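# Fold and contact review
Each chain, written out:
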Amino acid sequence: STQTEPLIGIQSYSLPDGAEPFGVSSTDDYIWLTDPVRQKFIRMPLNNSRFTLIKDPTNDDGGTAQPDDFQLTIGGNPATSGTAYTLMANTPYAIDETVVEGYEFVSITGDAKCPAVLGGMVTLDEGDDITCTITNDDIAPKLTLIKDPTNDDGGTAQPDDFQLTIGGNPATSGTAYTLMANTPYAIDETVVEGYEFVSITGDAKCPAVLGGMVTLDEGDDITCTITNDDVTPNPDSYFIYIPIARK
């Protein structure tokens, strides 16, 4: 049976019965080692090269992803950021990753042999020892706050009469605001006299009440709508003055 060892390109075989306690032989391309302790017959390619893949997520907009959240691969095999892997010389290997939601690919930098894009190939010469760095950037989330005053009882208030705020900062109805991910922001307004709060609707992350918090993930783009209704005037609150003529 054949098993792939952690070092890419090295293979091991079950040790046959009657094998020497330990032995080393070689050909032009491989070194063969008999390892009775592990019951393995190991084939190690010569002229190997070393390759290190580094993951560099940029978290400048509130992102929290770490390097190995991206599941790096070298030639389809899982790889750990910062680990040097032994590869076969003159053999193309695809460099790839599983991109984390809310992040965008930026670049692959390092040696001139590093590919420019994810899924691109790297081919090393004998004795090479190079490093490629994959950079991704967190995408700043966006929040749009919409004010919807219901004027079905003679009210005349317009959306921005309510002085909307996001995290204490003034906001304009219908405008998309860029926020920090994984950071709570209070959604609020100054209620206009003669109106009552009805609801906040939209995305599941919208708060249910005024002053409630919304926390967005990387790459989110959501809308919350605040509805208020004009209050029907109470007839009992009005006084009618009828002048009485004196004789």
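Residues numbered from 1 in each chain as written. Predicted model: local features only at pLDDT ≥ 70, side-chain atom pairs only at ≥ 80, totals over all residues. Heavy atoms only, no water.

### Thoughts on the environment of A176
Assignment of secondary structure puts A176 in strand β17 (residues 176-178). Relative accessible area serves as the criterion here: at 45%, A176 is assigned to the partly exposed category. The spatial distance from the C-alpha of A176 to the C-alpha of D221 is 8.5 Å, given a sequence separation of 45 residues. Sequence-distant contacts of A176, that is, excluding residues within four places in its chain, are made with L143 and T144. (Helix = DSSP H or I, 4+ residues; strand = E, 2+ residues; numbered from the N terminus. Buried < 20%, exposed > 50% of the residue type's maximum accessible area, 1.4 Å probe, protein only. Contact = heavy atoms within 4.5 Å.)

### So, the sheet that holds strand β7 (residues 72-74)
Strand order in the open sheet formed by four strands is β8-β7-β10-β12, and the pairing between neighbours is antiparallel. For this open sheet the edge positions go to β8 (77-79) and β12 (121-123), each flanked by a neighbour on one side alone. Ignoring which end each strand starts from, the neighbouring axes of this sheet average 35° apart. Here β7 pairs with strand β10 (residues 92-96) via two bridges, running antiparallel. Bridging from a neighbouring strand, I74 pairs with I95 of β10. (Pairing = 2+ DSSP bridges. Axes fitted to C-alpha atoms, helices over the stretch in contact; angles between N-to-C directions.)

### What about the packing of aromatic side chains?
The final tally for this structure, using the stated rule, is two aromatic pairs. Centre to centre, the rings of F70 and Y103 are 5.5 Å apart; their planes meet at 90°, and the pair counts as edge-to-face. Here F70 is found in the loop between β6 (49-58) and β7, whereas its partner Y103 is found in strand β11 (residues 103-110), with 33 residues between them in sequence. A residue is classified by how much of its surface remains accessible, and Y103, at 6% relative accessible area, is buried. A centroid spacing of 5.5 Å and a plane angle of 85° characterise the contact between F162 and Y195, whose relative ring orientation is edge-to-face. Here F162, found in the loop between β14 (142-150) and β15 (164-166), pairs with Y195, found in strand β19 (residues 195-202); they are 33 residues apart in sequence, far enough to count as distant. A residue is classified by how much of its surface remains accessible, and Y195, at 11% relative accessible area, is buried. Positioned above the aromatic ring of F70, the side-chain terminus of K55 is 4.2 Å from the ring centre. Over the ring of F162 we find K147, and its NZ or CZ is 4.2 Å from the ring centre. (Phe/Tyr/Trp six-rings, centres within 6.5 Å; stacked < 30°, edge-to-face > 60°. Lys NZ or Arg CZ within 6 Å of the ring centre and 35° of its normal.)

### With respect to the confidence of the model for the protein
When pLDDT is averaged along the protein, the result is 85, and 75% of the positions lie at 70 or above. In the predicted structure, residues 1-11 sits below a pLDDT of 50 and forms 32 contacts with residues beyond four places in sequence or in another chain. (pLDDT = per-residue confidence, 0-100.)

### Details of the pairing of strand β21 (residues 221-230)
With eight of ten residues buried, β21 is to be regarded as a mostly interior element. Looking at chain direction, β14 and β21 are connected through nine bridges and run parallel. Bridging from a neighbouring strand, K142 pairs with D221 of β21. By the bridge criterion, seven bridges tie β19 to β21 in an arrangement that is antiparallel. Each bridged residue has a counterpart across the sheet, and for Y195 the counterpart in β21 is D230.

### As for the nonpolar core
Grouped together as the largest cluster of nonpolar side chains are 16 residues, with contacts concentrated most on F51, L53 and I74. The set of elements that each furnish at least two residues to this core consists of β6, β7, β9 (84-87), β10 and β13 (129-138). Take this core: its biggest share by element is three residues, from β13. Residues in contact with F51, not counting those within four places in the same chain, are I74, T83, A84, Y85, L87, I95, V122, L124, I130 and C132. (Core = buried A, V, L, I, M, F, W, Y, C linked by side-chain atoms within 4.5 Å.)

### As for the sheet that holds β11
Pairing is mixed across the open sheet formed by four strands, whose spatial order is β9-β6-β13-β11. The sheet is open, and its two borders are formed by β9 and β11, each paired with just one other strand. The average angle at which neighbouring strand axes cross in this sheet is 25°, direction not considered.

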